[in-house]
Amino acid sequence: MDGKKGHEKQTQALIEGLKVQPGFEFEEFAIPCPSPYSYVNTLPRPDLVIGAGHATHLSLLANKLLYGGKTVLLMKPSLPAMLFDLVFVPQHDMCTSFGNVHFTEGVLSPSIDKKPNPNCGVILLGGTSRHFEWSTSEVIQQVQEIASRNPAKTWTVCDSPRTPIGCLASIPDRRNVAKKPWQETDESFLTNLLSVSSATWVSCDSVTMLYEALGTRAKVGILMLASNKSLARPNKLLRGIEKLAASRRVHLSTTGFKLDEAELLLLAESEVNRCAQIVTRLLH
């Protein structure tokens with residue numbers, strides 16, 4: 001573990017998926033990287049070593065070399081993919097496969113199977129990003145459009161640590177809008193909120209929140225912003241969004257704000273469950 005909550009949420013999602021697979025028992029140990037040899041040497045020899053984040057690469061390989069076990073990486077690696085036993089890579093990333101790379105619909109996130117409340121909607125705001133040109137005024141205008149065109153829903157609007165100061169407070173008060181600053185939430189708040197949402201909008205820069213929303217039973221819309229034209233490489237996040245839109249998994253704000261009326265395809269199978277099954281086949 002590299003200490004980054006987004007990466008830890010991915011690994012925890014896969015672990016929770018593994019724990020419900022038939023025929024296996026799992027015992028979990030969280031190992032910060034880098035960890036002293038004296039600590040790691042006291043742990044049971046692993047069957048699996050799982051990590052996400054560039055800082056975990058060498059630790060994964062060192063653990064495999066010293067103690068054995070299959071390595072599972074949840075990202076496009078900065079080292080050759082052939083060094084790891086399994087690599088799960090989001091579709092918007094390009095990665096050479098040696099038969100060990102499996103592409104996923106975004107980053108892994110916990111599966112949510114609760115029945116959504118038709119009166120509840122969620123709007124998740126990211127912030128400054130190297131991939132898109134953030135515009136507070138444009139985002140506020142889109143939030144107002146959503147709330148005004150869908151008055152029957154109560155919309156909970158959440159910001160994030162990347163959201164410019166004052167953005168959330170600048171959203172005009174409405175009877176069907178509730179504003180929730182990220183400082184007033186805990187780690188379980190967003191998961192619980194998404195579990196009851198029937199319509200979830202996410203700003204285009206927020207990859208982790210987008211794919212967590214796609215793991216629910218809600219329809220998902222994306223608040224679009226202009227792509228950063230100064231990028232040296234093609235915008236991989238935009239490429240992933242366009243692919244999702246083409247497969248009718250998401251609705252873009254550029255085509256309207258009535259998400260309930262959008263004809264979208266909900267995910268038939270949990271990505272976490274699918275990936276957990278691939279991992280268990282590796283253990284046989």
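Everything discussed here concerns the structure shown above.
Residues numbered from 1 in each chain as written. Predicted model: local features only at pLDDT ≥ 70, side-chain atom pairs only at ≥ 80, totals over all residues. Heavy atoms only, no water.

## A closer look at the nonpolar core
What counts here: To qualify as a nonpolar core, a set must consist of buried Ala, Val, Leu, Ile, Met, Phe, Trp, Tyr and Cys residues joined through side-chain atoms within 4.5 Å. Throughout, exposure labels follow a simple rule: accessible area from a 1.4 Å probe, protein chains only, divided by the maximum for the residue type, with under 20% read as buried, over 50% as exposed, and the rest as partly exposed. In this text, helices come from DSSP runs of H or I with a minimum length of four residues, and strands from runs of E with a minimum of two, each type numbered from the N-terminal end. Contacts: residue pairs with any heavy atoms within 4.5 Å of one another.
If you look at the biggest cluster of nonpolar residues, it comprises 47 residues, and the most contacted ones within it are Ile123, Leu125 and Leu210. Put simply, the parts of the chain that give this core at least two residues each are β5 (117-124), α4 (136-149), β6 (154-158), α5 (189-196), β8 (197-203), α6 (207-214), β9 (219-223) and α7 (236-246). Discounting chain neighbours no more than four positions away, the residues touching Ile123 are Val143, Ile146, Trp155, Thr156, Val157, Cys158, Trp201 and Leu223. Counting residues in hydrophobic clusters, the runner-up holds 15 residues, among them Leu14, Leu18, Leu74 and Val272.

## Observations concerning the packing of helix α1 (residues 5-19) against helix α8 (residues 271-283)
Counted only if it meets this: An axis is simply a line fitted to the C-alpha atoms; with a helix, the fit covers only the stretch in contact. Between two such axes, the angle follows the N-to-C directions and lies from 0 to 180 degrees. With respect to orientation, any angle under 35 degrees is reported as roughly parallel, any angle over 145 as roughly antiparallel, any angle of 65 to 115 as roughly perpendicular, and every other angle as oblique. For any helix crossing, the convention is left-handed if the near helix is rotated counterclockwise from the far helix by under a right angle, and right-handed if that rotation is clockwise. Three classes are used: nonpolar for Ala, Val, Leu, Ile, Met, Phe, Trp, Tyr, Cys and Pro, charged for Asp, Glu, Lys and Arg, and polar for all others, with Gly counted as polar.
Viewed as axis vectors pointing N to C, α1 and α8 meet at an angle of 70 degrees, and their least axial separation amounts to 8 Å. As the angle between them shows, α1 and α8 are arranged roughly perpendicular. For the pair α1 and α8, the sense of crossing is right-handed. Packed against α1, whose contacting residues are Ala13, Leu14, Gly17 and Leu18, the element α8 presents Val272, Cys275, Ala276, Val279 and Thr280 at the interface. Of the residues that constitute the contact of α1 with α8, the class distribution is 7 nonpolar, 2 polar and no charged.

## What to know about the sheet that holds β8
Let me state the cut-off plainly: At least two DSSP bridges between two strands are needed for those strands to be called paired.
Overall, parallel pairing links the 6 strands, which are arranged β7-β6-β5-β8-β9-β10 in an open sheet. Across the chains shown, the open sheet's two edge strands, defined by having one partner strand only, are β7 (177-180) and β10 (251-252). As defined by bridge partners, β5 adjoins β6 across 5 bridges and the pair is classed as parallel. Across the sheet, Gly121 pairs through a bridge with Trp155, a residue of β6.

## Details of the packing of aromatic side chains
Heads up, the rule is: Side-chain rings of Phe, Tyr and Trp (the six-membered ring for Trp) are treated as a pair once their centres are within 6.5 Å; stacked means planes under 30 degrees apart, edge-to-face means over 60, and tilted covers the remaining angles.
All chains considered together, the criterion is met by 2 aromatic pairs. A centroid spacing of 6.0 Å and a plane angle of 40 degrees characterise the contact between Trp201 and Phe257, whose relative ring orientation is tilted. Taken as a pair, Trp201 in strand β8 and Phe257 in the loop between β10 and α8 lie far apart in primary sequence, 56 residues in all. As far as the burial class goes, Trp201 and Phe257 line up, both buried.

## Focus: the side chain of Lys153
Along the chain, the position of Lys153 falls in the loop between α4 and β6. Lys153 sits in the buried class, given a relative accessible area of 4%. In this view, Lys153 contacts Pro118, Asn119, Cys120, Gly121, Asn176, Ser198, Ala199 and Asp260; residues no more than four positions away in its chain are not counted.

## Let's talk about a positive patch on the surface
Note the threshold: Patch definition: residues with relative accessible area over 30% and no salt bridge; like charges joined within 9 Å; nonpolar side chains (Val, Leu, Ile, Met, Phe, Trp, Tyr) joined within 5 Å. Here, Shrake-Rupley sampling with a 1.4 Å probe gives the accessible areas, and only protein chains in the shown set may cover a residue. Note on definitions: salt bridges are taken to be side-chain nitrogens of Lys or Arg within 4 Å of carboxyl oxygens of Asp or Glu. By the counting rule applied here, Lys and Arg register as positive and Asp and Glu as negative, while His and the ends of each chain are not counted. Charged side chains are reduced to one point each, which is NZ for Lys, CZ for Arg, CG for Asp and CD for Glu.
Positive charge collects at one region of the surface, where Lys76, Arg130, Arg233, Arg239 and Lys243 lie side by side. We classify Arg233 as exposed; its relative accessible area is 70%.

## With respect to a nonpolar patch on the surface
A cluster of nonpolar side chains, contributed by Tyr37, Leu65 and Leu66, occupies part of the molecular surface with about 400 Å² of accessible area. The residue Tyr37 is located in helix α2 (residues 37-40) in this model.

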